[in-house]
Each structure stands twice: as C-alpha cells, then as structure tokens.
Amino acid sequence: MPVVHRRRRVTASAPIGVSRVEVGREEEELVLQVLRSGWLAQGPMVERLEESFCDLTRARHAVAVSSGTVALVAALQALEIAPGDEVVTSPFTFAATLTAILNAGATAVFADIDDDFNVPAHALAAAMGTQTRVVMPVHLYGLPADMSTIEEVARSASVAIVEDAAQAHGAAVAGRPVGTWGLGCFSLYATKNVTTGEGGVVTTDDDALADRLRLLRNQGMRGRYEYEALGHNYRMTDLQAAVGIPQMERLERITASRRANAAVLTEGLEDVPGIRLPGTPPGRTHVWHQFTIRVTPDAVLTRDELSDRLAGCGISTAVYYPRAVYDYPCYRAHPRVRVTPTPNADEAARTVLSLPVHQGLTPSELERTVDCVRGLLGA
Ligand SMILES: *Cc1c(COP(=O)(O)O)cnc(C)c1O
C-alpha cells in the first residue's frame, strides 16, 4: 500500500483502545426487562443465551456459568479429574488456563507453541504421559489450534479434549466450530468478542457431561435439596445473560468487522520492515480477538519502544503475554506445575504486540494505526 502522508496532529484525536465495550439499546431493554421481572438470578435469559451458543457452535448442549475460568474448572470437574491426573496445555496463555487446571486439582504440563502461537498436535503428543487425562489447547487471539490433528492425537491416547475457547467465539477448523471438538470453554469477560461483563459457557455434545455440568453449577442438586454430587455455585445471572443475548445475535457482524479490520491492517503493514504479521493457516477460521504482530530484531525500535511510541500517538497496544504462563515464582514453586523449557513461548513473549482490531474501530482510526506504525518503523 502506498504511504499516504498527511499533515495532521494524530495526538489530538481520541485515543484508540485495544478493546472497547459496545452495548446498545437492545442490551438496555433486555436488562430492564430482567430488572422489572423480579427474577434476577439464573432464569429464562440464561437459557436463551445458552441456546445462542448451541446455535453458534452447533453443539447439543451449552451450560452458562459465572466466568470463563469457572467454565474451564467445571469442564475438568465434569471429566472427574483427580489429583495425580495431568492436563497438557499451552504455556502461552492467560493465567486462567493454568489456574483452572490447578484449582481442579490436576497437574499442569506444557507443550511448546508453534509459529501460529498455538500448541501443535505433535508437541501435545510429546508432552503426554501415562497420567495424562486431558489436552487443553488454547485458541489464542481468536485463531483456533489445529484441532483436526489434535483430535487424532487425543483419540489415539484416549484422553479428553477441553478447548480454551475464551478468545474464539465463532472460530472453526475445517468448517467445524470450536467448542465441538471437546468440551468448549468460552469467556464473556468485558474485553472478549462477546461480553456479559463476567460470564462463561461450556459447550458439549455429550449428554452425560452436560448433565454433570448442570449439577456442578447448582450445588450438585438434582431436585430441591436432592444433592447428588459435590457441587458449587457456578451460576450466571439473568442480568448478565441479557447483556450477552443481543451480542450473540450480532456476532456474525462483529466478527465480519474484526476480519475486515484485520485485512486493512494486513494490507497496510505487509511491507513494513521489522515486523511479522499474523496469518491464518489453511482450513482455520480466525475471529480476530487480537491482531498480534511480532517485532523482529531488525526493527528500528524494540517491541517496548514501539508500544510506547504508539501510546504517544494515542494508539493503545498490549502485550499478550509478557511471560510464559508458568514463569512466575508462585507457579514455578507450585508442586503441581511441571516446568519444562518452552523456547517458542519465551520468544513470543518477548516479541508480540497486539494492535487494536476490534469492531468499534472507524476507518480513520485504522488508517491512523497503519500510518503511525509505518512512520515509526521507517516504512
Ligand atoms: C479471558 C480468558 C480466560 C478466562 O476467562 P474469564 O472469563 O476472565 O474468567 C481463560 N483463558 C483465556 C485464554 C482467556 O483469554
């Protein structure tokens, strides 16, 4: 793309955030309906939200819970994970992936990531042992892991799949939506592609697992005071569900905007020296939760310098994530965290930078982002 130099004071414009909550009249009206109904806890709105997740993923069941972290914990508990069991996951993820494994009582084992920032099947296979019960790929930044090959590896070793789909609402592999390759765990936290403020959903085709998830969510209770299992309160409220329903109805448009924005960034930045742009491997549907570039050693600025200078131009960026998830004293010292070298994750942590790609960006904000990155990197 030709560089268009315009004389303008970019810093005078409103700052561009890496995420922006977009809720409108429909959300307001549904929330008001809940407030006026006198039923604020889990009820008909939660059921409607669950149906929208069944529609999205084509899974038989969707169980709404109070957060994405809780979705992961509940999925592991539904699989009856016990102490001594191992869960193999990505080292390049948000802390919740790891804390869910630890809170469910399992041991966390890591398989290093590939160039697409996700764990490949061969690395999962290499990290699996006799105690492995679950593989937990993370669909990072909205790009699904290569589930076709991961499914083969999991099936041949008879281990379950729990997908951390917190960032990947609507993503698919070979036309099959995420959340149907295993137990699918979605987050509805404020910054995600769909939000209820806080919230989560587990999807599954398995009737028995869905039943167990519903029991666990509600104190292990089958009927009134009929306790069948040690459960918890994992419920979502109708107030939250009411915020999510209209967004689920708009999700195709939300994703299309993110995809179009990613295309503009790609076209505008593709020839810039010193960065590598995110790609979409064949067969996978990216939903662009983040547009994450890598700043390479030949760049005229370091990653952190580029981030600071972009902030100076009013463009927020973020580093997801600055370290491998286990690389903190509290996790390194944890008896159920198995630390192994993950050089690819370490390298990603040093070089990644996420640029704004969300559906609320205007064409001029995108243009500003492209111009600033180009200008700062001497393109
Ligand atoms: C957001 C997120 C979670 C956890 O979701 P919460 O709703 O914040 O509990 C888990 N994994 C990943 C990769 C996430 O980005």
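Up top is the structure these notes are about.
This report concerns the structure included in the present document. (Residues numbered from 1 in each chain as written. Predicted model: local features only at pLDDT ≥ 70, side-chain atom pairs only at ≥ 80, totals over all residues. Heavy atoms only, no water.)

### What to know about the site of the ligand
The full set close to the ligand counts 16 residues, and Gly 68, Thr 69, Asp 164, Ser 187 and Lys 192 are the nearest of them. The side chain of Asp 164 places a nitrogen or oxygen atom 2.7 Å from a nitrogen atom of the ligand. In the model, an oxygen atom of the ligand is placed 2.8 Å from a nitrogen or oxygen of the Gln 167 side chain. Burial of the ligand by the surrounding chains reaches 93%, relative to a free accessible area of 380 Å². Spatially, the ligand is embedded in the largest pocket. (Near = heavy atom within 4 Å. Polar contact = N/O pair within 3.5 Å; in protein donor to acceptor, adjacent residues only side chain to side chain. Areas by Shrake-Rupley, 256 points an atom, 1.4 Å probe, with all protein chains shown as cover. 1 Å grid on protein atoms, 1.4 Å probe; cavity = no way out; pocket = protein on both sides within 12 Å on 5 of 7 lines; lining within 4 Å. Sits in = over half its atoms within 2 Å of the grid points.)

### Looking at the pattern of salt bridges
Close approach of charged atoms allows side chains of opposite charge to pair. Taken as a whole and judged by the stated rule, the model has 21 salt bridges. Here Arg 133 makes a salt bridge to Asp 85, at a shortest N to O gap of 3.1 Å. With Arg 133 in strand E4 (residues 132-136) and Asp 85 in the loop between helix H3 (68-78) and strand E2 (86-89), the pair connects residues that are 48 residues apart, well separated along the chain. In this structure, Arg 284 engages Asp 116 in a salt bridge whose closest nitrogen and oxygen atoms are separated by 2.8 Å. Of the two residues, Arg 284 is situated in strand E11 (residues 284-285) and Asp 116 in the loop between strand E3 (107-110) and helix H5 (121-127); the sequence distance between them amounts to 168 residues. Assessed through its relative accessible area of 13%, Arg 284 is described here as buried. Given the relative accessible area of 18%, Asp 116 is considered buried. (Salt bridge = Lys/Arg side-chain N within 4 Å of Asp/Glu carboxyl O. Helix = DSSP H or I, 4+ residues; strand = E, 2+ residues; numbered from the N terminus. Buried < 20%, exposed > 50% of the residue type's maximum accessible area, 1.4 Å probe, protein only.)

### Quick notes on the sheet that holds strand E13 (residues 337-338)
The strand order across the open sheet built from 8 strands is E1-E9-E8-E5-E4-E2-E3-E13, with neighbouring strands paired in mixed fashion. A strand with exactly one partner marks an edge of an open sheet, and here the two such strands are strand E1 (61-65) and E13. In this sheet, strand E5 (residues 160-164) lies alongside E4 in parallel orientation, the contact comprising 2 bridges. Looking at the pairing, Val 135 lines up with Ile 161 of E5. (Pairing = 2+ DSSP bridges.)

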